[in-house]
Amino acid sequence: MQEFMTAAITLILSNMTVTLFVVGLISAAIISLASRHRHEPGFVSGAFLNQFLLLSVGVAYAYNFLMHSVFGDFTAKIIGWAQSPFQLEVAFASLGFALVGFVAFSRRRSLMVKFVALLGPAVFLWGDAGGHIYQIATTGNTAAGNAGSILYSDILLPFIGFALLWWHGAATRRHETASVRDPEAWSEATS
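Residues numbered from 1 in each chain as written. Predicted model: local features only at pLDDT ≥ 70, side-chain atom pairs only at ≥ 80, totals over all residues. Heavy atoms only, no water.

Remarks on the packing of aromatic side chains
Taken as a whole, this structure holds nine aromatic pairs when the rule is applied. Members of the aromatic cluster, connected to one another through ring pairs, are Phe115, Trp126, Phe159 and Phe162. (Phe/Tyr/Trp six-rings, centres within 6.5 Å; stacked < 30°, edge-to-face > 60°.)

Looking at the packing of helix H3 (residues 43-69) against helix H5 (residues 86-104)
Between H3 and H5, the shortest axis-to-axis distance is 7 Å and the interhelical angle comes to 155°. Between H3 and H5, the angle is such that the two are roughly antiparallel. Viewed along their axes, H3 and H5 form a crossing whose handedness is left-handed. On H5, the residues that touch Asn50, Leu53, Leu54, Val57, Gly58, Val59, Tyr61, Ala62, Asn64, Phe65, His68 and Ser69 of H3 are Gln87, Leu88, Val90, Ala91, Phe92, Ser94, Leu95, Phe97, Ala98, Gly101, Phe102 and Ala104. Residue classes in the contact of H3 with H5 are distributed as 16 nonpolar, eight polar and no charged. (Axes fitted to C-alpha atoms, helices over the stretch in contact; angles between N-to-C directions. Helix = DSSP H or I, 4+ residues; strand = E, 2+ residues; numbered from the N terminus. Parallel < 35°, antiparallel > 145°, perpendicular 65-115°, else oblique. Left-handed = near helix turned anticlockwise from the far one by under 90°. Contact = heavy atoms within 4.5 Å. Nonpolar A, V, L, I, M, F, W, Y, C, P; charged D, E, K, R; others polar.)

A word on the side chain of His68
With respect to the secondary-structure elements, His68 resides in helix H3. Here His68 falls in the buried class, since its relative accessible area comes to 10%. At 3.0 Å, the side chain of His68 forms a polar contact with the side chain of Gln87. Apart from residues no more than four positions distant in its own chain, His68 is found in contact with Thr75, Ile79, Gln87, Leu88, Val90 and Ala91. (Buried < 20%, exposed > 50% of the residue type's maximum accessible area, 1.4 Å probe, protein only. Polar contact = N/O pair within 3.5 Å; in protein donor to acceptor, adjacent residues only side chain to side chain.)

If you want it as structure tokens, here you go:
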């Protein structure tokens, strides 16, 4: 049993971006199903987008800050690199992204704020993925923190974030368009 728990904890911690993404999907589904507001336009899409901003941006980058600052030697080892002063710079960039993710998480934030909260991390992750691919191609670095799930999540998570933003924008625009065309019909349909 202890070996299983150790393996489970190692899997969760070594795949934190995937873990946080899955937790975000589950929590958004629970929020959507449990809320009496779930029939409001944009509520469900907003729940998924906001949980993504909270967990896949805010918490994930706070975790990245912690790993690159406090546990820099360990993190460098799992990436397959030597410890470097640049890790502290990555840590503080991650802290900045985390704070923006936490600010954008609120339901009251505009789509533009949410877009910006996704844009910076997307550029960072795609650049990170390019660096990982370069290291794989030139040095054969297939360490767990350079290849595998981290590489795939670096590429895919920004696309997922932008898809959630688009979904939420489309849902709220449909509501706004319907309200302008026929406010009474929309009011009756959502009552």
